[in-house]
Amino acid sequence: MSQPTPPALPEPPRAERRPHERTHHGDTFVDDYHWLSVADDPQVLEHLRAENAYTEARTAHLAGLTETLFQEMRARIRETDMSVPVRKDGWWYFSRTQEGKQYETHARVAYVAGEPRPVPEPGVELPGEQVLLDGNLEAGQRDFFELGGLEPDPAGERVAFLFDERGDELYALVVRDIASGEVLDDAVTGAGTGLVWSLDGRYVFYTRRDDAWRSFQVWRHEVGRPTGEDVLVFQEDDALFSIGIDASRDDRWLEIWSESRTTTEVALLDLADPTGAPRVVEPRTPGLDYGIEVDGDRILVVHNASRVDFDLAWAPLATPGRESWRPVLSGEDGDRILGVSAFETFTAVTMRHGGLATVRLLDRTDDGYGEPRDVPVDSEVYTLAVGSNPEYASEALQVVLVSYLTPRAVYDLDPATGEMTLLQQREVPGYDPSRYREERLWVEARDGAKVPVSLVRRADVRPDGGNPALVSGYGAYEISNDPYFSAARLSLLDRGVVYAVAHVRGGGELGRAWYDQGKLLAKPNTFTDFVDVTRALVEQKWASPDRVAAEGGSAGGLLMGAAVNEAPELYRVVHAAVPFVDALTTILNPDLPLTVGEWEEWGNPLADPEVYAVMKAYTPYENVRAVDYPTILATTSLHDTRVFVAEPAKWVQALRDTVTSDFADRPVLFKVEMGGGHGGHSGRYDSWRQHAFENAVILDALGAAE
């Protein structure tokens, strides 16, 4: 009897070619899919819906695996849970999650002097508990809901919050009475991030974005008054700089941060005099990058005036400028001082040492600060960070310890004795850490640089040359890809997948120099590092040569596109999330959101022919080759304002036009979240299901679904 004929595979969507010429520095590029850049064009939306339909059809056979992965992930997460309460003024603040609900509920109970921190039980309301905001009620029937800030007023009677309902990072500002739930003010819309109260509770400060989506203004809004009466407090006119706002830990000062990629200027406004003028700490000097922390009558400054990896200094608050900076702490070569948290009797310094995130403590003295003390961690691979510590008078420091195999653990650290008291560790049902291993490897790149690699595997997996592997990377903006625990990752490890993180240049793992070696004209180092790490994992037999996956998002999506163009034969499947794959076109257009501020990261190809040539050689969209490629999964969101949907949409078309792969075996897939932003889905269950789908595509391509 003859076998039934399998159903024909659907044809992938093919966008119409509409040639558009782009000419710079004597070079002309014909962009056939430039028209896809108009995201609200009905024809573009129709094309994106067709892409979703195609991806759904081509992955229909993965529905069962996706559901299995989703349920495995869900089973490892305590869905009804609570955060550790933290004290601020007269209250303990915490958040809850509840099984079946997408968003957190934020609540508080009164602090009583002499009584211990409350130990809340998931699902059980504390006596006297007040709900500040229930994200599930606020979200209602919205497809997207993201909280951008939540701040009780100084009297503890009202709460102000920011929320985004599209994913475009424009927020509505709401002020609500806590006791009654009455909305007192919802006049401000289209705000940026950042929310600070004046000390008298009369005003809230917020930010606005310009047409290029750059935060550039700080406004003062009187609660209950129309926005037409709002007062512009500060405006940043230099397009290289964007601004952010925060309150000092003691709530006395509004901090206004103007930052480019290489230069900082901070101003302080006394929140006891909210209609006053901001005062600059240290005027901007090109290349001077600094951050501040108010410490009572002093100011602590993390700066690069004397060392590329930054030093810590202090100055009187009355005279905070550079001429008053007095040394507190420096570091060894490669030690990157990142920030500082000040309290009445001690100071915590966050830094990188040996490529890992860690913390050092210093006592506050009458004439300065004492000798630094390390917070010891007994692990080869870890992340140690300062947790939530809103109270300046705190006598303990909350720290968070996590690794690839250590679920997030929250401790109270006694700064006097160094004793750490475990407050909470994430419960992972059914998880046995002894079944897995994590370690740090070093790979020599083609130019001799030593690249750190984090490797995670099941304990019985050996370097025998037959393992499926997933290599992840980012490598931009001095952002470090630090160890973190993932319930979803366990499903990969359980199926024998070796998980590796390539800490490539452009990130911040080994300090500012590591970043500098992967930006501007040196940007290609990021891509060659990733390829060299992948090759080394195969050569060292951690990965089978035909069973390697790669994954990265945003600037890491650019990394995916560039790596697969250089060495498509290395990879069986690549997931590029919200990928920055049409980088040159974007960075050539100063009218696009965020472009001008990006010139200090990538270079200015408009003004510099050398930058243009370097970017032209690596931008993924323009360098797709006519050879066999791996399976490609590109994922993005329609309302992403950081990487426009057009970038992956155009890249996917270029791949289908050019590569010689058999699409029946190695398809090019494109999935667009029609209601999300740069981070994808906002609800946790929706996000988990999306992650399960992405892992299903990877496991299926690697032959590791079982």
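Basis of the calculations
- Along each chain, residues carry numbers from 1 onward, in the same order as the chain's sequence is written.
- Where local features are concerned, this predicted model is filtered to residues with pLDDT of at least 70; where side-chain atom pairs are given and counted, the filter is 80 or more; whole-chain, interface and lining totals use all residues.
- The basis for every side-chain value is the complete set of heavy atoms in the structure, and neither hydrogens nor water enter the calculation.
- Under the scheme used here, helices are H or I runs from DSSP no shorter than 4 residues and strands are E runs no shorter than 2 residues, and both carry numbers assigned from the N terminus.
- Throughout, radius of gyration means the C-alpha value; the globule benchmark is 2.2 Å times the number of residues raised to the power 0.38.
- Residue exposure (1.4 Å probe, protein chains only): buried if accessible area is under 20% of the type maximum, exposed if over 50%, otherwise partly exposed.
- By the convention used here, residues are in contact when the closest approach between their heavy atoms is within 4.5 Å.
- Note that accessible areas follow from Shrake-Rupley with a 1.4 Å probe, and for residues the cover is restricted to the protein chains shown.
- The axes used here are C-alpha line fits, helices contributing only the stretch in contact, and every angle between their N-to-C directions lies in the interval 0 to 180 degrees.
- Put simply, angles under 35 degrees are roughly parallel, angles over 145 are roughly antiparallel, angles from 65 to 115 are roughly perpendicular, and the rest are oblique.
- Left-handed is the label given to a crossing in which the near helix is rotated counterclockwise from the far helix by less than a right angle, and right-handed is the label when the rotation is clockwise.
- Under the scheme applied, nonpolar residues are Ala, Val, Leu, Ile, Met, Phe, Trp, Tyr, Cys and Pro; charged residues are Asp, Glu, Lys and Arg; polar residues are all the others, including Gly.
- We call two strands paired when DSSP finds no fewer than two bridges between them.
- As used here, the arc belongs to the directions running from the helix axis to the C-beta atoms.
- Here the term patch refers to residues with relative accessible area over 30% and no salt bridge, with like charges joined within 9 Å and nonpolar side chains (Val, Leu, Ile, Met, Phe, Trp, Tyr) within 5 Å.
- Here, a salt bridge means any side-chain nitrogen of Lys or Arg that lies within 4 Å of a carboxyl oxygen of Asp or Glu.
- Note that His is not counted, nor are the chain ends; the positive residues are Lys and Arg, and the negative ones are Asp and Glu.
- Here the site of a charge means NZ on Lys, CZ on Arg, CG on Asp, or CD on Glu.
- As used here, the term nonpolar core means buried Ala, Val, Leu, Ile, Met, Phe, Trp, Tyr and Cys residues forming a set that is joined through side-chain atoms within 4.5 Å.
- A 3.5 Å cut-off defines polar contacts: any pair of N or O atoms within that distance qualifies, except that in protein one atom must be a possible hydrogen donor and the other a possible acceptor, and neighbouring residues in sequence count only when both atoms are side-chain atoms.
- Here a pair means two rings of Phe, Tyr or Trp (six-membered ring of Trp) with centres within 6.5 Å. Their orientation is stacked below 30 degrees between planes, edge-to-face above 60, and tilted elsewhere.

Draft legend 1. Just the overall build of the protein chain, in detail. Of regular secondary structure, the protein chain possesses 12 helices and 40 strands. In terms of overall dimensions, the protein chain is globule-like: its C-alpha atoms have a radius of gyration of 26 Å, near the 27 Å expected for 706 residues. Projected onto its principal axes, the C-alpha positions of the protein chain cover 85 × 60 × 55 Å. Expressed as a percentage of the 706 residues in the protein chain, the buried residues total 57%. Relative to all contacts within the protein chain whose residues are 6 or more apart in sequence, the contacts with residues 24 or more apart total 59%. Accessible area for the protein chain stands at about 28500 Å²; split by element, carbon and sulfur atoms hold 49% of it.

Draft legend 2. Structural detail: the packing of helix α1 (residues 42–58) against helix α11 (residues 646–658). Between α1 and α11, the least distance of the axes is 12 Å, while the angle of their chain directions is 60°. Taken together, the axes of α1 and α11 lie oblique to each other. Along this stretch, α1 crosses α11, giving a crossing that reads as left-handed. In this structure, α1 uses His47, Leu48, Glu51 and Tyr54 to contact α11, whose residues at the interface are Ala649, Val652, Gln653 and Arg656. Across the contact of α1 with α11, the residue classes tally to four nonpolar, two polar and two charged.

Draft legend 3. Representation of the sheet that holds strand β18 (residues 264–270) within the structure. Judged by pairing direction, the sheet is antiparallel, and its four strands sit side by side in the order β16-β17-β18-β19 without closing on themselves. What marks the edges here is a single partner per strand, and that holds for β16 (242–247) and β19 (279–280). Judged from the six bridges that link them, β16 and strand β17 (residues 253–259) form a sheet pairing that is antiparallel. What sits directly across from Ile243, in β17, is Ser258.

Draft legend 4. Geometry of the sheet that holds strand β8 (residues 146–152). Within the open sheet, the four strands sit side by side as β8-β9-β10-β11. Their pairing is antiparallel. At either end of the open sheet lies a strand with only one pairing partner, and these are β8 and β11 (183–185). Strand-to-strand twist across the sheet, computed as the mean angle between neighbouring axes with direction ignored, equals 30°. Examined bridge by bridge, strand β9 (residues 158–164) and strand β10 (residues 172–177) share six bridges and lie antiparallel to one another. The residue bridging Leu162 from the neighbouring strand is Leu173, located in β10.

Draft legend 5. View of helix α10 (residues 609–618). Within α10, the full set of buried residues consists of Val611, Tyr612, Val614, Met615 and Tyr618. Along the axis of α10, the buried positions cluster into a sector of 165°, meaning they face one direction only. Its buried side turned inward, α10 meets β1 (20–24), β2 (27–31), α6 (524–539), α7 (555–566), α8 (583–587) and α9 (595–602).

Draft legend 6. A look at a negative patch on the surface. On the surface, Glu344, Glu395, Asp414 and Glu419 cluster together to form a negatively charged patch. Mapped onto the secondary structure, Asp414 falls in the loop between β31 (409–413) and β32 (420–425).

Draft legend 7. Region of the structure containing the pattern of salt bridges. Taken as a whole and judged by the stated rule, the model has 50 salt bridges. Close ionic contact of Arg76 with Asp494 constitutes a salt bridge, the shortest N to O distance being 2.9 Å. Of the two residues, Arg76 sits in the loop between α2 (63–75) and β3 (81–82) while Asp494 sits in helix α4 (residues 487–494), which places them 418 residues apart along the sequence. Accessibility expressed as a relative area gives 13% for Arg76, which makes it buried. Using a relative accessible area of 25% as the deciding quantity, one classes Asp494 as partly exposed. Two residues, Asp532 and Arg446, come together in a salt bridge whose shortest N-O distance is 2.7 Å.

Draft legend 8. The arrangement of the environment of Arg18 in detail. Its location among the elements puts Arg18 in the segment before β1. Among the residues examined, Arg18 registers a relative accessible area of 27% and is labelled partly exposed. Considering only alpha carbons, one finds Arg18 and His34, 16 residues apart in sequence, at a separation of 7.4 Å. In contact with Arg18, not counting residues within four places along its chain, are Asp31, Asp32, Trp35 and Gln43.

Draft legend 9. Spotlight on the nonpolar core. Among the nonpolar cores identified, the biggest contains 76 residues, and Phe530 and Tyr571 are the most heavily contacted of them. Membership of the second largest hydrophobic core comes to 39 residues, among which are Tyr54, Tyr436, Leu470 and Leu669.

Draft legend 10. Quick peek at the side chain of Glu622. Within the secondary structure, Glu622 is located in the loop between α10 and β39 (631–637). Of the residues examined, Glu622 reaches a relative accessible area of 15% and is grouped as buried. A polar contact is formed between the side chain of Glu622 and the side chain of Lys616, at a distance of 3.0 Å. Look past the residues within four positions of Glu622 in its chain and what remains in contact with it is Arg22, Phe29, Asp582, Leu584, Thr585 and Lys616.

Draft legend 11. Region of the structure containing the packing of aromatic side chains. The final tally for this structure, using the stated rule, is 16 aromatic pairs. Residues Tyr477 and Trp602 carry aromatic rings whose centres are separated by 6.0 Å and whose planes lie at 90° to one another, so their mutual orientation is edge-to-face. On the criterion of sequence distance, the pair formed by Tyr477 in the loop between β35 (469–473) and α4 and Trp602 in helix α9 is long-range, its members being 125 residues apart. The exposure class of Trp602 is buried, given its relative accessible area of 1%. Ring geometry for Phe530 versus Tyr571: centroids 6.3 Å apart, planes at 25°, classification stacked.

Draft legend 12. Here's a closer look at α4. By the criterion of burial, α4 is predominantly enclosed, with seven of the eight residues buried. The inward-facing, buried residues of α4 contact α2, β33 (436–444), β34 (450–458), β35, β36 (498–502) and α12 (684–702). Sitting at the amino-terminal end of α4 is Ser486, which places a side-chain oxygen 3.3 Å from the backbone nitrogen of Ala488. Looking one or two residues beyond α4, the residue adopting positive phi is Gly496, at roughly 85°.

Draft legend 13. Expanded view of the packing of α2 against α12. The N-to-C vectors of α2 and α12 enclose an angle of 125°; their axes lie 8 Å apart at closest approach. With respect to their mutual orientation, α2 and α12 come out oblique. Read as a crossing pair, α2 and α12 show a hand that is right-handed. Every residue of α12 that contacts α2 at Leu65, Thr66, Glu67, Leu69, Phe70, Met73 and Arg74 is listed here: Tyr685, Trp688, Arg689, His691, Ala692, Phe693, Asn695, Ala696 and Leu699. A breakdown of the residues in the contact of α2 with α12 according to their chemical character gives 10 nonpolar, three polar and three charged.

Draft legend 14. Examining the environment of Ile587 more closely. Locating Ile587 in the fold gives a position in helix α8. On the basis of relative accessible area, Ile587 is assigned to the buried category, the value being 1%. Once residues lying within four places of it in the same chain are set aside, the contact partners of Ile587 are Phe580, Thr595, Glu598, Trp599, Trp602, Gly603, Pro605 and Met615.

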